[in-house]
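# Examining the three-dimensional arrangement
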Amino acid sequence: MSGFYTEADYENSIIELFQNMGYRYVYGPDVDRDFNSPLYEEELKAALRRLNPTMPEDAIADALFKLKNFENAELVQKNAVFMDYIQHGIEVRYFVKGEERSGLVYLVDYKNPDNNSFIVANQWTFVENSNKRPDVLLFLNGLPVVLVELKSPSREETDASEAYTQIRNYMHEIPSMFIYNCICVMSDHLTSKAGTITSGEDRFMEWKTKDGNYENTQYAQFDTFFEGIFERERLLDIIKNFSCFSNEGLKQFKILAGYHQYFAVNKAVELSLIHISEPTRP
């Protein structure tokens, strides 16, 4: 690989890859926003109204308040609450002609992917314990659900392991960003792996196929990895159906399905549906 292929070049390649998958590109410094908030609030507010057209403004406001104000707890517990929100909706209370009502405000339209906002952003500064700027963020309806940390493929002293160390550093310096995180990615072009906020480095996994049919059994190319996980419909499926929490003793772990588990389950479901739909023969 050419020594002139820098981390910036790799970042631009990743952004272009996401644009080709239908993500809209946003350059962080061009967005007028609150640097103390990890949310892309303009996109989030628009999405809440678009996805919940029958909900009054005070219901939308209640959902937004809950998204921005989590009870005092450990990061993993806050993330578990958020995952419930994004998978099942936020329970809200509102008034209609003086009568209190309750309902659900949805954060994602899982049935109609095109009804959602998919954004790839870079140079997105966030200020909390310190000033940080992750390499690449993916926003789903204004929520920073994926953080990608890249390392230069041309620098021998750095690799994907260094990207993992940087992610752990971010979790200490800008922990609020990770309340909304569904997937963390570390990549140095040769090796790309995905994990969760509780994953040790050994638990980050490669994704070796784009569609479940052909598997690169050695090292998957970076486009296989990113297209395999982050094709828009698949990302929604992974967030909704293939992310969960497990309790082991006093600790809570967030689990992300591997590519072989993902495709095996979906294939089994597909075959079951075919079998159910077949007419019964006498």
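See the structure above.
Residues numbered from 1 in each chain as written. Predicted model: local features only at pLDDT ≥ 70, side-chain atom pairs only at ≥ 80, totals over all residues. Heavy atoms only, no water.

### Some points on the overall build of the chain
Across its full length, the chain carries eight helices and twelve strands. Put simply, the chain has 282 residues, and 49% of those count as buried. Within the chain, contacts between residues at least 6 apart in sequence are counted, and of these 64% link residues at least 24 apart. When the accessible surface of the chain is totalled, it reaches about 14,800 Å², and 47% of it is carbon and sulfur. (Helix = DSSP H or I, 4+ residues; strand = E, 2+ residues; numbered from the N terminus. Buried < 20%, exposed > 50% of the residue type's maximum accessible area, 1.4 Å probe, protein only. Contact = heavy atoms within 4.5 Å. Areas by Shrake-Rupley, 256 points an atom, 1.4 Å probe, with all protein chains shown as cover.)

### Some points on the nonpolar core
Judged by nonpolar contacts, the single largest core of 83 residues is most densely connected at Phe-82, Ile-86, Phe-178, Ile-183, Phe-226 and Phe-230. Residue contacts for Ile-183: discarding those within four places in its chain leaves Val-145, Val-146, Leu-147, Ala-194, Gly-195, Ile-229, Phe-230, Leu-235, Ile-238 and Leu-256. (Core = buried A, V, L, I, M, F, W, Y, C linked by side-chain atoms within 4.5 Å.)

### Structural notes on helix 6 (residues 222–230)
Counting buried positions along helix 6 yields eight of nine residues, so the element is predominantly enclosed. Listed in full, the buried residues belonging to helix 6 are Phe-222, Asp-223, Thr-224, Phe-225, Phe-226, Gly-228, Ile-229 and Phe-230. Buried residues along helix 6 sit in contact with helix 1 (7–20), strand 7 (136–140), strand 8 (143–150), strand 9 (183–187), strand 10 (192–195) and helix 7 (232–241).

### A closer look at the side chain of Glu-149
For Glu-149, the location among the structural elements is in strand 8. What makes Glu-149 buried here is its relative accessible area of 2%. There is a polar contact of 3.3 Å between the side chain of Glu-149 and the side chain of Tyr-170. In this view, Glu-149 contacts Pro-134, Asp-135, Ala-163, Gln-166, Ile-167, Tyr-170, Val-185, Met-186 and Ser-187; residues no more than four positions away in its chain are not counted. (Polar contact = N/O pair within 3.5 Å; in protein donor to acceptor, adjacent residues only side chain to side chain.)

### Overview of the environment of Lys-68
Its place among the elements puts Lys-68 in helix 3 (residues 57–68). Judged by its relative accessible area of 40%, Lys-68 falls in the partly exposed class. Among all residues touching Lys-68, those that are not within four sequence positions of it are Leu-39, Glu-41 and Tyr-180. Within the structure, Lys-68 has its side chain in polar contact with the side chain of Glu-41 (distance 3.1 Å).

### Looking at the packing of aromatic side chains
One pair of aromatic rings is described through two measures. These are the centre distance and the angle between the planes. This model, assessed by the stated rule, comprises 19 aromatic pairs. Taking 5.4 Å as the distance between ring centres and 85 degrees as the angle between the ring planes, the aromatic pair formed by Tyr-164 and Phe-204 counts as edge-to-face. Highlighted residues: Tyr-164 in helix 5 (residues 160–173) and Phe-204 in the loop between strand 10 and helix 6, separated in sequence by 40 residues. Among the aromatic residues, ring-to-ring pairing joins Phe-18, Tyr-23, Phe-118, Phe-225, Phe-226 and Phe-230 into one connected group. Just above the ring of Trp-124 sits the side chain of Arg-33; from NZ or CZ to the centre is 3.9 Å. (Phe/Tyr/Trp six-rings, centres within 6.5 Å; stacked < 30°, edge-to-face > 60°. Lys NZ or Arg CZ within 6 Å of the ring centre and 35° of its normal.)

### Some points on helix 4 (residues 75–88)
Relative to the 20 Å expected for 14 residues at 1.5 Å per residue, helix 4 spans 20 Å between its end C-alpha atoms, a close match to the ideal helical length. Buried residues of helix 4: Leu-75, Val-76, Lys-78, Asn-79, Phe-82, Met-83, Tyr-85, Ile-86 and Gln-87, and no others. Within two residues after helix 4, Gly-89 carries a phi angle of roughly 105 degrees, on the positive side. (Expected span 1.5 Å × (residues − 1).)

### Thoughts on the environment of Gly-195
Checked against the element boundaries, Gly-195 lands in strand 10. The class of Gly-195 is buried, set by a relative accessible area of 1%. Considering only alpha carbons, one finds Gly-195 and Cys-184, eleven residues apart in sequence, at a separation of 5.3 Å. Setting aside residues no more than four positions away along its own chain, Gly-195 makes contact with Cys-182, Ile-183, Cys-184, Phe-204 and Leu-256.

### Quick notes on the packing of helix 6 against helix 7
Following both chains from N to C, one finds helix 6 and helix 7 inclined at 65 degrees, their axes separated by 6 Å at the closest point. Contacts between helix 6 and helix 7 involve Glu-227, Gly-228, Ile-229 and Phe-230 on the former and, on the latter, Arg-232, Arg-234, Leu-235 and Ile-238. Of the residues contributing to the contact of helix 6 with helix 7, the split by class is four nonpolar, one polar and three charged. (Axes fitted to C-alpha atoms, helices over the stretch in contact; angles between N-to-C directions. Nonpolar A, V, L, I, M, F, W, Y, C, P; charged D, E, K, R; others polar.)

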